[in-house]
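Residue-level structure breakdown
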Amino acid sequence: MPPKRCPECGRFLSNELVSRLAEERLPCPRCETPLSAAAVAGDGPSAGSAGSAGSVRPPDLDPETVRDEDDDVLAGWDVGADAAEMAGWANDQRPLPVDTIVVAAGVAIGAAVGAILPERRRIVGAMLGAVAGAVTAGVSRRLWELRG
């Protein structure tokens, strides 16, 4: 069942407002038109207005009026670029993997700190330190990216 709407302006009405219409006439929150339960149900005098249509989808546009003459969606994107810039774009390379380097450094630092802590099991300390370093570096990197 579609939500109830104002028969004049088409504004969607809350369920609370619609339930209160059974007891009294209330104004529409948008256009201030007095509403009754019968008018909202579609039995009112203005039930045939555009606002009371069953669908909120706008009418379809004629495809011929919205089609462009030029079918190339990238036409004009490189206007003003010289040959050197065009050659640079063609030879595009992957940027430096900063995230990988930061996490690898975090693993190395964490492993070193975990290995030098005074414990009997240096290997376990190094592994735990490496995991802690990777997590800390990854989270720090994400926060750094969100900040900027």
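Everything below is about the structure shown above.
Residues numbered from 1 in each chain as written. Predicted model: local features only at pLDDT ≥ 70, side-chain atom pairs only at ≥ 80, totals over all residues. Heavy atoms only, no water.

The next subject is the overall build of the protein chain. Within the protein chain one finds six helices and two strands. Along the chain direction, N to C, the helices and strands of the protein chain fall in the order α-β-β-α-α-α-α-α. Looking at the protein chain as a whole, 17% of its 148 residues are labelled buried. Summarising the internal contacts of the protein chain: among those between residues at least 6 apart in sequence, 39% fall at separations of at least 24. Approximately 11600 Å² of the protein chain is accessible, and the part contributed by carbon and sulfur atoms is 59%. (Helix = DSSP H or I, 4+ residues; strand = E, 2+ residues; numbered from the N terminus. Buried < 20%, exposed > 50% of the residue type's maximum accessible area, 1.4 Å probe, protein only. Contact = heavy atoms within 4.5 Å. Areas by Shrake-Rupley, 256 points an atom, 1.4 Å probe, with all protein chains shown as cover.)

What follows concerns the state of the cysteines. Tallied over the entire structure, the rule returns zero disulfides. Left without a disulfide partner, Cys6 is nearest to the cysteine sulfur of Cys28, which lies 3.7 Å away. No disulfide involves Cys9; its sulfur sits 3.7 Å from that of Cys28, the nearest cysteine. Its relative accessible area of 24% is what places Cys9 among the partly exposed residues. (Disulfide = S-S within 2.5 Å.)

The next subject is the packing of aromatic side chains. A complete count under the given rule lists zero aromatic pairs for this structure. Here the guanidinium or amino end of Arg5 rests over the ring plane of Phe12, the centre of that ring lying 5.1 Å away. (Phe/Tyr/Trp six-rings, centres within 6.5 Å; stacked < 30°, edge-to-face > 60°. Lys NZ or Arg CZ within 6 Å of the ring centre and 35° of its normal.)

Turning our eyes to something else, we now look at the pattern of salt bridges. Scanning the entire structure with this criterion turns up four salt bridges. Here Glu145 and Arg142 are joined by a salt bridge, their closest N and O atoms 2.3 Å apart. Of this pair, Glu145 and Arg142 both sit in helix 6 (residues 122–147), three residues apart, which is roughly one turn of the helix. Judged by relative accessible area, which is 35%, Glu145 ranks as partly exposed. Using a relative accessible area of 44% as the deciding quantity, one classes Arg142 as partly exposed. Residues joined by salt bridges that share partners form a network here, namely Asp99, Arg141, Arg142 and Glu145. (Salt bridge = Lys/Arg side-chain N within 4 Å of Asp/Glu carboxyl O.)

What follows is about unusual backbone geometry. Located in the positive-phi region is Glu32, a residue other than glycine, with phi close to 65°. Position of Glu32 among the secondary structure elements: in the loop between strand 1 (26–27) and strand 2 (34–35).

Mapping Arg5 onto the fold places it in the segment before helix 1 (15–20). Spatially, the C-alpha atoms of Arg5 and Val18 are 9.2 Å apart, while their sequence positions differ by 13 residues. For Arg5, the side chain forms a polar contact with the main-chain oxygen of Gly10, separated by 3.1 Å. (Polar contact = N/O pair within 3.5 Å; in protein donor to acceptor, adjacent residues only side chain to side chain.)

Taken together, Val131, Val135, Val139, Leu143 and Leu146 make up a surface patch of nonpolar side chains, about 500 Å² in accessible area. With respect to the element layout, Val139 can be found in helix 6. (Patch = residues over 30% accessible without salt bridge, like charges linked within 9 Å, V, L, I, M, F, W, Y side chains within 5 Å.)

Following both chains from N to C, one finds helix 5 (residues 98–116) and helix 6 inclined at 145°, their axes separated by 6 Å at the closest point. Between helix 5 and helix 6 lies a crossing of right-handed hand. Contact residues: Val98, Asp99, Val102, Val103, Gly106, Val107, Gly110, Ala111, Gly114, Ala115 and Ile116 in helix 5; Arg122, Gly125, Ala126, Gly129, Ala130, Gly133, Ala134, Ala137, Gly138, Arg141, Arg142 and Glu145 in helix 6. Its residues assigned to classes, the contact of helix 5 with helix 6 shows eleven nonpolar, seven polar and five charged. (Axes fitted to C-alpha atoms, helices over the stretch in contact; angles between N-to-C directions. Left-handed = near helix turned anticlockwise from the far one by under 90°. Nonpolar A, V, L, I, M, F, W, Y, C, P; charged D, E, K, R; others polar.)

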